[in-house]
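# Coordinate inspection notes
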Amino acid sequence: MSNPFADQASLHSAEDNPFADNHDKYLEPDFDATPNASTVSLPYHQQSQGFDDNVGSSAGGRGGRAGADDTAARMEEIRRRELELAERERKLGQREEHVRRHGRNNWPPKPWWPFAPLLYHDIDEEVPAASRQIVNTLYRLWLLLVLTITLNLVACILLLVTGSDDGGKDLGGAIVDLIIIPLAFLLWYRPVYNAYMKEQAFYYYLYFVFNAFHIAFCVYSLIGIPSTGSAGIINTIASFARGSILSGVFCVLATVGWGLESAGCLFMFRFVWKHHNDKGHTFSQAKSELQTYGIKAYFSRSTHVPSNT
């Protein structure tokens, strides 16, 4: 008699057991198989570790470049400061040599003046900071006067060359006008320079007197009366009327210069007058300073202000 369970056992043979072969596969690993790195799945913390390493190396590279840039910038700053220091030392050496040869005097400067300097002039050093812009403007007005008188001389030469009836007289007058350049510096610019430096009434009144004459002279020159040495308005019109274009152009330039000089000096005269009043300077104070110091006050660099009497 056949075993009723034999067929059942065969029914549960290895080929029908879903776990038979798989059991062997999992229990007996294949050491010959080489895992594919691209298909191996790593734990998350190991995957992120590789990413962090890359980020760290990239950040380290950027940090290195930034450090190199900072070093280069510091070196460039050091070189710049060394150049500035060398330039300061050079200027200091020049100043020491100048003082050794000429004293403190530094004006007129070379190459405009080939001889030894006559006086000391330094707005940034001697004039208080609040007044430097004013004194610089007054100095530029004196420089404008130099330019205007030079243009006026050239225009008068052209008036003579182009056949002006009074060309010779105009040229003679223009040559005489050259003396106005140093006189203007000594009689009205230098006093107002000293006035703002020392804040003394004596210098303000010197400026007011002589600058008033200077303004009147500029207005007179602006008119340009023939034979007076001025290539002003009248001589300008006469030049163009004769067809002398070149002399007319230079007359126009001189006329513009006289006009700007007149207007600028008049404006600054009012400005200085207001400053003088605001400071409380009086004519009696100016007389007191003159009696105390005499004419030597003009040449003194002392900033002492005498008491009022």
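Scroll up to find the structure this text is about.
Residues numbered from 1 in each chain as written. Predicted model: local features only at pLDDT ≥ 70, side-chain atom pairs only at ≥ 80, totals over all residues. Heavy atoms only, no water.

### Focus: the overall build of the protein
We apply this condition: Only DSSP runs of H or I reaching four residues or more are called helices, and only runs of E reaching two or more are called strands; each is numbered from the N terminus. Throughout, exposure labels follow a simple rule: accessible area from a 1.4 Å probe, protein chains only, divided by the maximum for the residue type, with under 20% read as buried, over 50% as exposed, and the rest as partly exposed. Here the open area of atoms and residues is found with the Shrake-Rupley method and a 1.4 Å probe, where only the protein chains shown may cover a residue.
A count of helices and strands for the protein gives 11 helices and zero strands. For the protein, the α and β elements follow one another from N to C terminus as α-α-α-α-α-α-α-α-α-α-α. Buried positions account for 31% of the 309 residues belonging to the protein. Total accessible area on the protein is roughly 19900 Å²; 63% of this is exposed by carbon and sulfur atoms.

### Some points on a nonpolar patch on the surface
What counts is decided by this rule: For patches, a residue must show more than 30% relative accessible area and have no salt bridge; joins then use 9 Å for like charges and 5 Å for nonpolar side chains, namely Val, Leu, Ile, Met, Phe, Trp and Tyr. For this analysis, a salt bridge means a side-chain nitrogen from Lys or Arg found within 4 Å of a carboxyl oxygen belonging to Asp or Glu.
Among the surface-exposed residues, Val176, Ile179, Leu183, Leu186, Leu187, Val209, Phe210 and Phe213 lie close enough to one another that they form a single nonpolar patch of about 700 Å² accessible area. Mapped by element, the contributors of at least two residues to the nonpolar patch are helix H7 (180-198) and helix H8 (201-223). Along the chain, leucine 187 turns up in helix H7. Note on leucine 187: relative accessible area 32%, which makes it partly exposed.

### Describing the side chain of histidine 275
Selection rule: Working rule for contacts: check all heavy atoms of both residues, and any pair within 4.5 Å makes them a contact.
As for its position among the elements, histidine 275 is in helix H10 (residues 245-278). With sequence-adjacent residues up to four places away left out, histidine 275 is seen in contact with Tyr196, Glu199 and Tyr204.

### Observations regarding the state of the cysteines
This is how the line gets drawn: Any two cysteine sulfur atoms within 2.5 Å of one another count as a disulfide.
On inspection of all chains with the given rule, the structure shows zero disulfides. The thiol of cysteine 218 is not disulfide-bonded; the next cysteine sulfur, from cysteine 265, is found 5.6 Å away. On the basis of relative accessible area, cysteine 218 is assigned to the buried category, the value being 0%. Unpaired in terms of disulfides, cysteine 251 finds its nearest cysteine sulfur in cysteine 156, a separation of 6.9 Å. Taking the relative accessible area as the measure of exposure, cysteine 251 reaches 0% and is therefore buried.

### Concerning the nonpolar core
As a reminder, the rule being used: Take the buried Ala, Val, Leu, Ile, Met, Phe, Trp, Tyr and Cys residues and link them wherever side-chain atoms come within 4.5 Å; each set so joined is a nonpolar core.
Among the nonpolar cores identified, the biggest contains 47 residues, and Leu138, Trp142, Trp188, Tyr189, Tyr196, Tyr207 and Val272 are the most heavily contacted of them. Considering every element that reaches this core, the biggest residue donor is helix H5 (residues 132-161), with 12 residues. Ignoring sequence-local partners within four residues, the contact set of valine 272 consists of Leu138, Val192, Tyr196, Tyr204, Tyr207 and Phe208.

### Here's the deal with the layout of surface pockets
Counted only if it meets this: A pocket, in this scheme, is an open set of points on a 1 Å grid over the protein atoms alone with protein on both sides within 12 Å along at least 5 of 7 lines, while a cavity is a set where a 1.4 Å probe fits but cannot get out; residues line either one if an atom lies within 4 Å of a point. Grid points are joined across faces, edges and corners, and a volume is the space filled by probe spheres set on the points. Residue type decides the class: Asp, Glu, Lys and Arg count as charged, Ala, Val, Leu, Ile, Met, Phe, Trp, Tyr, Cys and Pro as nonpolar, and the leftover types, Gly among them, as polar.
For the second largest pocket, the calculated volume is near 350 Å³. Looking at the second largest pocket, it is lined by 14 residues, and the ones nearest its centre are Trp107, Pro108, Trp112, Trp113 and Trp142. The leading source of residues in the lining of the second largest pocket is H7, at four residues. Here the residues of the lining of the second largest pocket are counted per class, giving 14 nonpolar, no polar and no charged.

### Re helix H6 (residues 167-176)
The condition is simple: Starting at the helix axis, one direction is taken to each C-beta atom, and the arc is that of these directions.
All of the buried residues in H6 are Gly167, Asp170, Leu171, Gly173 and Ala174. Buried positions in H6, seen along its axis, are confined to an arc of 165° and lie on one side of it. Seen from the open side of H6, the exposed residues pointing more than 90 degrees away from its buried face are Lys169 and Val176. Taken together, the buried residues of H6 touch H5 and helix H9 (233-242).

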